[in-house]
Amino acid sequence: MKDISEFDVDGRRVLVRADLNVPLEGDVITDDGRIRASVPAIEELVGKGARVIVVTHLGRPKGQPNPKYSLAPVAKRLGELLGADVAFATDVIGDSAQAVVEALQGGQVALLENLRFEPGEESKDDAERAEFAARLAAFGDVYVGDGFGAVHRKHASVYDVPKLLPHAAGPLVLAEVTVLKKLTEDPPRPYVVVLGGAKVSDKLGVIGNLLTKVDRLLIGGGMAYTFLKAQGYEVGKSLLQEDQLDQVRGFLSEAAKRGVELVLPVDVLAATHFAEDAEYEVVDATAIPADREGLDIGPRTRELFAGRLADARTVFWNGPMGVFEFEAFSGGTRAVAEALIRSEAFTVVGGGDSAAAVRRLGLPEDGFSHISTGGGASLEYLEGKILPGLVALEE
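Model, not experiment: these values are computed from the prediction.

A. The overall build of the protein chain, seen in detail. For the protein chain, the helix and strand inventory stands at 15 helices and 17 strands. Taking 395 residues into account, the globule formula puts the C-alpha radius of gyration at 21 Å, and the protein chain, at 22 Å, falls close to it. Dimensions of the protein chain, computed from C-alpha atoms along their principal axes, come out at roughly 65 × 45 × 40 Å. Taking the intrachain contacts of the protein chain between residues at least 6 apart in sequence as the baseline, contacts between residues at least 24 apart amount to 73%. For the protein chain, the exposed surface amounts to about 16,200 Å²; the carbon and sulfur share of it is 46%. Once the 42 positive and 60 negative side-chain charges of the protein chain are each reduced to a mean point, those two points are 3 Å apart.

Structure below.
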């Protein structure tokens, strides 16, 4: 993949596909990590005199304009971080976008409205997607792909547009690929993966692939209860995917066959209901009361996981250990994060909720070797899948 340095962009229109898909409460951004991560590429282009047109998606508006998913708050925050006004187009390829792009001068930045307001962006129909891509590409002279969190999608702005313009990978994408290659090609050992989050089904492929590569797999979060159930234990009202039990039993068998240490919680915080102020008690993971649900790993599990991370030389962590948004049930996620910070390993936080938890819990981001902006894209790479956005940038 080429990088930005290989292009003379002075005075040229550079279309930057970023990933600014940030969480919003109304028009308030609750975690601006992805916006901050996009700033270096934009600043580099601005410094070279480019006319920068940033495009991104936000949420799932399903192909039509929806004020709930407007990028207006993102444009404002991006301008604050850049220390300069960011022109905002109220549509994607319409009159507003045309006017904003035409008015741009060298060293200025514009943000177009949410790509997913246009049905062509996510269309499964190649012709419809290509038509939208051609109109979007008309705004640029050069394309820079810097939204790693979207490269696993065969969407117009990710897959089709770079085929129409001279293109380069931005620094975020290049950094992600370098890190993920280190995790997959010859990682220093012991190689430990920590997986959490709500659902086993979200991580089926990556678990199957990792069992052939890792030395230890630590399972927490909501997905742990399906593993406990697969071992024959009752899990009360805890999150459970009954339809995944056979698959999980297969993982347990495969781990044993390959000599992979698969570590599950030994105690949990069992709450009366799902709420920040719910009453809870610490119980053995094998004895969760029928009327309670596990919302976090317990203190013995936190010590157990920290111990299994202490001698690691490579660690990949994806998914919280509990409902970290609730203070009472954030301790497990904090314990894992702090164990990674103490570690001398090469530590990678796999984006999504894990990265959000690091910031929400006030932990130092430089305490980790790398915090991914990828989430699902990182998991699919580790799963061994072909990522359309990377294929397009490599061509």
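Once you've had a look at it, read on.
B. Spatial organisation of the sheet that holds strand β15 (residues 314-318). If you trace the six strands from one edge of the open sheet to the other, you get β11-β10-β9-β15-β16-β17, paired in parallel fashion. Two strands in the sheet have a free side with no partner beyond their single neighbour: β11 (261-263) and β17 (370-371). Bridging between strand β16 (residues 346-349) and β17 involves two bridges; their strand directions are parallel. Across the sheet, Val-348 pairs through a bridge with His-370, a residue of β17. Strands β9 (191-195), β10 (216-219), β11 and β15 of the sheet are contacted by helix α11 (residues 299-309), whose axis makes an angle of about 155 degrees with β10.

C. Structural detail: the sheet that holds strand β5 (residues 86-88). In spatial order, the strands read β5-β6-β4-β1-β7-β8; together these six strands make up an open sheet with parallel pairing. Two strands close off the open sheet at either side, each with one partner strand: β5 and β8 (167-169). Taking each pair of neighbouring strands and ignoring which way they run, the sheet shows an average axis angle of 25 degrees. Bridge count between strand β4 (residues 51-55) and strand β6 (residues 109-111): three bridges; the pairing is parallel. Pairing of Ile-53 across the sheet is with Ala-110, part of β6. Strands in contact with helix α1 (residues 33-47) are β1 (13-17), β4, β6 and β7 (142-145); relative to β4, the strand with the most contacts, it is inclined by about 160 degrees.

D. View of α11. Every buried residue of α11 is accounted for by Thr-301, Phe-305, Ala-306 and Leu-309. Buried residues of α11, seen end-on, are gathered within an arc of 135 degrees and therefore sit on one face of the element.

E. Summary view of the packing of α11 against helix α12 (residues 331-342). For the pair α11 and α12, the least separation of the axes is 9 Å and the interaxial angle reads 20 degrees. The orientation of α11 with respect to α12, classified from their angle, is roughly parallel. Note that α11 runs across α12; the crossing there is right-handed. Along the contact surface, α11 presents Arg-302, Phe-305, Ala-306 and Leu-309, while α12 presents Gly-331, Gly-332, Ala-335, Val-336, Ala-339, Leu-340 and Arg-342. Across the contact of α11 with α12, the residue classes break down as seven nonpolar, two polar and two charged.

F. View of the pairing of β16. Where burial is concerned, the two faces of β16 agree: the one with Phe-346 and Val-348 and the one with Thr-347 and Val-349 are both buried. Pairing between β15 and β16: four bridges, direction parallel. Looking at β16, one finds that Trp-317 is bridged to Val-349.

G. Representation of the packing of aromatic side chains within the structure. Enumeration over the complete set of coordinates arrives at two aromatic pairs. Summarising the aromatic geometry, the rings of Tyr-280 and Phe-329 are spaced 5.2 Å apart at their centres and angled 65 degrees between planes, so their arrangement reads as edge-to-face. With Tyr-280 in strand β13 (residues 280-284) and Phe-329 in the loop between β15 and α12, this residue pair connects regions lying 49 residues apart in the sequence. Residue Phe-329 is classed as buried on the basis of its relative accessible area, which comes to 0%. Note that Lys-182 overlies the ring of Phe-346, its terminal NZ or CZ placed 4.0 Å from the centroid.

H. View of unusual backbone geometry. In this chain, Arg-189 is followed by Pro-190 through a cis amide linkage whose omega measures 5 degrees. Structurally, Pro-190 can be placed in the loop between α7 (171-185) and β9. With phi around 60 degrees, Lys-62 is a residue other than glycine that occupies positive phi space. For Lys-62, a relative accessible area of 72% gives the class exposed.

I. Seen up close, a positive patch on the surface. Together, Arg-60, Lys-62, Lys-124 and Arg-153 give the surface a local cluster of positive charge. Here Arg-60 lies in the loop between β4 and α2 (72-82).

J. Representation of the pattern of salt bridges in the model. Per the counting criterion, the structure on display carries 26 salt bridges. The partner of Asp-19 in a salt bridge is Arg-34, and the shortest N-O contact between them spans 3.4 Å. Residue Asp-19 is located in the loop between β1 and β2 (24-25), and its partner Arg-34 is located in helix α1; the two are separated by 15 residues in the primary sequence. For Asp-19, a relative accessible area of 7% translates into the label buried. On the basis of relative accessibility, which here comes to 19%, the residue Arg-34 falls in the buried class. A salt bridge links Arg-77 to Glu-80; the nearest nitrogen and oxygen atoms lie 3.0 Å apart. Note that Arg-77 and Glu-80 are positioned in helix α2 at a spacing of three residues, about one turn of the helix. Taking relative accessible area as the criterion, Arg-77 reaches 25% and is therefore assigned partly exposed.

Criteria and cut-off values
- Residues numbered from 1 in each chain as written.
- Predicted model: local features only at pLDDT ≥ 70, side-chain atom pairs only at ≥ 80, totals over all residues.
- Heavy atoms only, no water.
- Helix = DSSP H or I, 4+ residues; strand = E, 2+ residues; numbered from the N terminus.
- Rg over C-alpha atoms; globule rule 2.2 N^0.38 Å.
- Contact = heavy atoms within 4.5 Å.
- Areas by Shrake-Rupley, 256 points an atom, 1.4 Å probe, with all protein chains shown as cover.
- Lys, Arg positive; Asp, Glu negative; His and termini not counted.
- Charge placed at Lys NZ, Arg CZ, Asp CG, Glu CD.
- Pairing = 2+ DSSP bridges.
- Axes fitted to C-alpha atoms, helices over the stretch in contact; angles between N-to-C directions.
- Buried < 20%, exposed > 50% of the residue type's maximum accessible area, 1.4 Å probe, protein only.
- Arc of directions from axis to C-beta.
- Parallel < 35°, antiparallel > 145°, perpendicular 65-115°, else oblique.
- Left-handed = near helix turned anticlockwise from the far one by under 90°.
- Nonpolar A, V, L, I, M, F, W, Y, C, P; charged D, E, K, R; others polar.
- Phe/Tyr/Trp six-rings, centres within 6.5 Å; stacked < 30°, edge-to-face > 60°.
- Lys NZ or Arg CZ within 6 Å of the ring centre and 35° of its normal.
- Patch = residues over 30% accessible without salt bridge, like charges linked within 9 Å, V, L, I, M, F, W, Y side chains within 5 Å.
- Salt bridge = Lys/Arg side-chain N within 4 Å of Asp/Glu carboxyl O.

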